[in-house]
Amino acid sequence: MTRDARPRERASDERTRTIDWATLSHVVTPRALRYRAIDVGVSTDKRRYEPGEPVEITITFRNRLPIPIRIRTDSPHYWYWTVDGLRSASQVPRAVPDQPAAFSFTQRERKRVQRQWHQRMQVSEDDWQPVDPGWYTIAVGLTRSDAAARGLVDTAVIEIVS
């Protein structure tokens with residue numbers, strides 16, 4: 001190997017290094033744009049249910065942009081779902097770590113999660129009570145104190161008929 005070949009080898013090695021695009025896009029993308037990039041959605045398989053019939057819930061998070069996006073959350077539990085304001089249809093408080101985290105998406109990534117609600121509310125550690133017929137709001141949002149203000153929450157309304 002000649003002395004002249006070594007600098008060229010080093011230069012070609014430096015050119016093949018990769019860039020962490022997720023970190024770069026997080027640094028250069030304005031915060032307001034990051035929030036608008038994420039679409040939060042919730043839907044159910046039907047709008048009307050018979051008492052006791054399971055409610056199939058589909059939760060979708062989608063990055064609308066062709067670049068990676070990261071959203072800071074208040075907890076490592078990136079998102080939550082509620083029924084009439086009760087997280088996971090429960091009146092029992094759950095310990096949620098008070099530790100910030102980040103919910104990451106690749107370019108145009110869609111994350112889909114399925115949940116099932118059996119028309120019951122948890123009233124104690126080991127007691128679930130059936131709900132009465134009526135209208136119920138199912139909501140999904142990112143675990144941020146400003147999620148609603150930033151458009152990172154969605155709702156679906158269902159009816160349980162008698």
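Only a predicted model underlies this, so the values are computations on that prediction, with no experimental measurement involved.

(A) Highlighting the sheet that holds strand β12 (residues 153-160). Across the sheet, five strands lie side by side as β2-β12-β11-β5-β6; this open sheet has mixed pairing. Looking at which strands have only one partner, the edges of the open sheet turn out to be β2 (48-49) and β6 (86-87). Pairing of strand β11 (residues 134-142) with β12, which is carried by eight bridges, proceeds in the antiparallel orientation. In the strand pairing of β12, G141 is matched with V153.

(B) Inspection of the packing of aromatic side chains at higher detail. What the rule picks out here adds up to five aromatic pairs. Residues F61 and W79 carry aromatic rings whose centres are separated by 5.8 Å and whose planes lie at 50° to one another, so their mutual orientation is tilted. With F61 in strand β3 (residues 55-63) and W79 in strand β5 (residues 79-83), the pair connects residues that are 18 residues apart, well separated along the chain. In terms of burial, F61 and W79 fall into one category: buried.

(C) Molecular detail of the side chain of Q119. If you trace the backbone, Q119 turns up in the loop between β8 (110-117) and β9 (120-124). At 3.0 Å, the side chain of Q119 forms a polar contact with the backbone oxygen of E50. A polar atom in the side chain of Q119 sits 2.9 Å from the backbone nitrogen of G52. Dropping the residues within four chain positions of it, Q119 is found in contact with Y49, E50, P51, G52, E53, V55, Q129, P130, V131 and I160.

(D) A look at the side chain of E159. Tracing the sequence through the fold places E159 in strand β12. Apart from the residues within four sequence positions on either side, E159 is in contact with R47, R48, Y49, G134 and W135.

(E) Layout of the pattern of salt bridges. Within this structure, the stated rule accounts for seven salt bridges. In this structure, E159 engages R48 in a salt bridge whose closest nitrogen and oxygen atoms are separated by 3.6 Å. With E159 in strand β12 and R48 in strand β2, this pair connects stretches of sequence that are 111 residues apart. Since its relative accessible area comes to 17%, E159 is described here as buried. A single network of salt bridges, built from pairs that share partners, joins D39, R62 and R64.

Procedures and definitions
- Residues numbered from 1 in each chain as written.
- Predicted model: local features only at pLDDT ≥ 70, side-chain atom pairs only at ≥ 80, totals over all residues.
- Heavy atoms only, no water.
- Pairing = 2+ DSSP bridges.
- Helix = DSSP H or I, 4+ residues; strand = E, 2+ residues; numbered from the N terminus.
- Phe/Tyr/Trp six-rings, centres within 6.5 Å; stacked < 30°, edge-to-face > 60°.
- Buried < 20%, exposed > 50% of the residue type's maximum accessible area, 1.4 Å probe, protein only.
- Polar contact = N/O pair within 3.5 Å; in protein donor to acceptor, adjacent residues only side chain to side chain.
- Contact = heavy atoms within 4.5 Å.
- Salt bridge = Lys/Arg side-chain N within 4 Å of Asp/Glu carboxyl O.

Structural measurements only, silent on function.
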